[in-house]
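Now for the letters of each chain:
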Amino acid sequence: MEEYEQNALSSTRHVIGVMSGKGGVGKSSVTALTAVALARMGYRVGVMDADITGPSIPQMFGVHGKLDSADTGLFPAQTERLGIRIVSLNLLLDREDRPVVWRGPLLAGAVKQFWTDVTWGDLDFMVIDLPPGTGDIPLSVMQSIPVEGLITVSSPQDVAALVVRKAVNMARMMEKPVIGLVENMSYIACPKCGEVIHPFGKPAGAELALEMEVPFIGEMPIDPSLSEAADRGEIEAYESPIMQGLADAVVKHTGAGAPKK
Ligand SMILES: Nc1ncnc2c1ncn2[C@@H]1O[C@H](COP(=O)(O)OP(=O)(O)OP(=O)(O)O)[C@@H](O)[C@H]1O
Ligand SMILES: [Mg+2]
């Protein structure tokens, strides 16, 4: 499969993807936090929700309703605070609560069109929320869109470690460099006394990253205010030290210059 060109009205400098070997580890959260962190630095950022059958990006950013379109194609939605441009299948459906029951080729086709037929405009970064796992869609996204690197998300269970290895190996097979590994839900800090609890056992991310020879971006604690912000559509207001780590890793990996003011 060859890489597709964007349309004449779009130019995206750097495309990065967020992947994980399995679902529910926080891929969409990491996608959103990376996009927010880059936008806060002053970069122009888009988010492509390529998790076609489980889209959650619009909800996190509080964007709803249908995308505008013109003869030239679709226009992304834009978030209120930071002007992050967003495209998701959920913004094309008449009803957000209807499942998408398409088969693989149709799904892959939709993602391709998000790249070719959307008027993204001028972007410094596009962050792609890939579907979980190492199946058809992540494969075709990586083949058809010029993804420069991948952030991998893990959680500290043993099974997750195995799936991280799978994800990293898949990236390698696709010849896509891994920007770094984030371990999500590593610990909880007691809001009263600050004691750190490891509900899933000892954090394993740093060691795993070392073993896989990929950079370690850091640990993300379980933080109820993150899921609350996501549920309320206010992810742009969320603050966490991991966010700068994510943005720095992306800027370093892509060699992006300072944002244009
Ligand atoms: N560090 C965290 N602290 C608290 N809640 C979290 C954290 N990370 C993720 N969550 C919550 O867990 C749920 C799953 O996270 P998220 O949607 O980011 O995962 P995902 O890997 O994209 O899942 P899926 O495979 O379903 O797409 C969400 O409700 C999210 O708000
Ligand atoms: Mg998700």
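Owing to the predicted nature of the structure, the values given are computational and were not obtained by experimental measurement.

J.: So what about the overall build of the protein chain? Which residues, and what values?
T.: The number of helices and strands found in the protein chain is eight helices and twelve strands. On C-alpha atoms alone, the protein chain measures out to a radius of gyration of 17 Å, which is about the 18 Å that the 2.2 N^0.38 rule sets for 261 residues. Considered along the principal axes of its C-alpha atoms, the protein chain spans approximately 55 × 40 × 40 Å. Taken across its 261 residues, the protein chain has 53% of its residues classed as buried. Counting only contacts in the protein chain whose residues sit at least 6 apart along the sequence, the fraction spanning at least 24 positions is 80%. Total accessible area on the protein chain is roughly 12000 Å²; 52% of this is exposed by carbon and sulfur atoms.

J.: With reference to specific residues and values, describe unusual backbone geometry.
T.: The phi angle of most residues is negative, glycine excepted, and most peptide bonds adopt the trans form. We note that Glu175 has phi near 60 degrees; this positive angle belongs to a residue other than glycine. The topology assignment puts Glu175 in the loop between helix H5 (158–173) and strand S9 (178–184). Overall, the relative accessible area of 70% leaves Glu175 in the exposed class. Phi angles above zero are rare outside glycine, and Glu213 is one such case at about 55 degrees.

J.: Let's hear about the site of ligand 1: which residues, and what values?
T.: In the vicinity of ligand 1 lie 17 residues, with Gly24, Lys27, Ser28, Ser29 and Asp223 positioned nearest. Protein burial of ligand 1: of its 620 Å² of free accessible surface, 77% is covered by the chains. Mapped onto the shell around ligand 1, the elements with two or more residues apiece are helix H1 (27–40) and helix H7 (224–231). Split into classes, the residues belonging to the shell around ligand 1 amount to seven nonpolar, seven polar and three charged.

J.: For the side chain of Asn184, give the residues involved together with the corresponding values.
T.: Here Asn184 lies in strand S9. The exposure class assigned to Asn184 is buried, which follows from its relative accessible area of 5%. A distance of 2.8 Å separates a polar atom in the side chain of Asn184 from the backbone oxygen of Val25. In this structure, Asn184 is in contact with Val25, Gly26, Val153, Ser154, Ser155, Pro156, Met220 and Pro221, ignoring residues within four places of it in sequence.

J.: Quick rundown of the state of the cysteines? Include the residues and the values.
T.: Disulfides are covalent bonds that link the sulfur atoms of two cysteine residues. In the structure shown here, the tally under the stated rule is zero disulfides. Not part of a disulfide, Cys190 finds its nearest cysteine sulfur in Cys193, a span of 3.6 Å. Under the relative-accessibility criterion, Cys190 is labelled partly exposed at 22%. For Cys193, a relative accessible area of 57% translates into the label exposed.

J.: So what's going on with the packing of aromatic side chains? Residues and values would help.
T.: Taken as a whole and judged by the stated rule, the model has one aromatic pair. Centre to centre, the rings of Tyr43 and Phe125 are 5.0 Å apart; their planes meet at 85 degrees, and the pair counts as edge-to-face. Of this pair, Tyr43 sits in the loop between H1 and strand S2 (45–49) while Phe125 sits in strand S7 (residues 121–129), and the two are 82 residues apart along the sequence. By relative accessible area, Phe125 is classed as buried at 0%.

J.: Pulling in residues and values, what's your account of the pattern of salt bridges?
T.: Per the counting criterion, the structure on display carries ten salt bridges. Notably, a salt bridge pairs Arg44 with Asp124, separated by 3.2 Å at the nearest N-O pair. On the criterion of sequence distance, the pair formed by Arg44 in the loop between H1 and S2 and Asp124 in strand S7 is long-range, its members being 80 residues apart. Of the charged contacts, one joins Glu234 and Arg232 as a salt bridge, the two residues approaching to 3.1 Å between their closest N and O atoms. Where salt bridges share partners, they join Arg13, Arg44, Asp122 and Asp124 into one cluster.

Reading the values: rules and limits
Residues numbered from 1 in each chain as written. Chains lettered and ligands numbered in written order. Predicted model: local features only at pLDDT ≥ 70, side-chain atom pairs only at ≥ 80, totals over all residues. Heavy atoms only, no water. Helix = DSSP H or I, 4+ residues; strand = E, 2+ residues; numbered from the N terminus. Rg over C-alpha atoms; globule rule 2.2 N^0.38 Å. Buried < 20%, exposed > 50% of the residue type's maximum accessible area, 1.4 Å probe, protein only. Contact = heavy atoms within 4.5 Å. Areas by Shrake-Rupley, 256 points an atom, 1.4 Å probe, with all protein chains shown as cover. Near = heavy atom within 4 Å. Nonpolar A, V, L, I, M, F, W, Y, C, P; charged D, E, K, R; others polar. Polar contact = N/O pair within 3.5 Å; in protein donor to acceptor, adjacent residues only side chain to side chain. Disulfide = S-S within 2.5 Å. Phe/Tyr/Trp six-rings, centres within 6.5 Å; stacked < 30°, edge-to-face > 60°. Salt bridge = Lys/Arg side-chain N within 4 Å of Asp/Glu carboxyl O.

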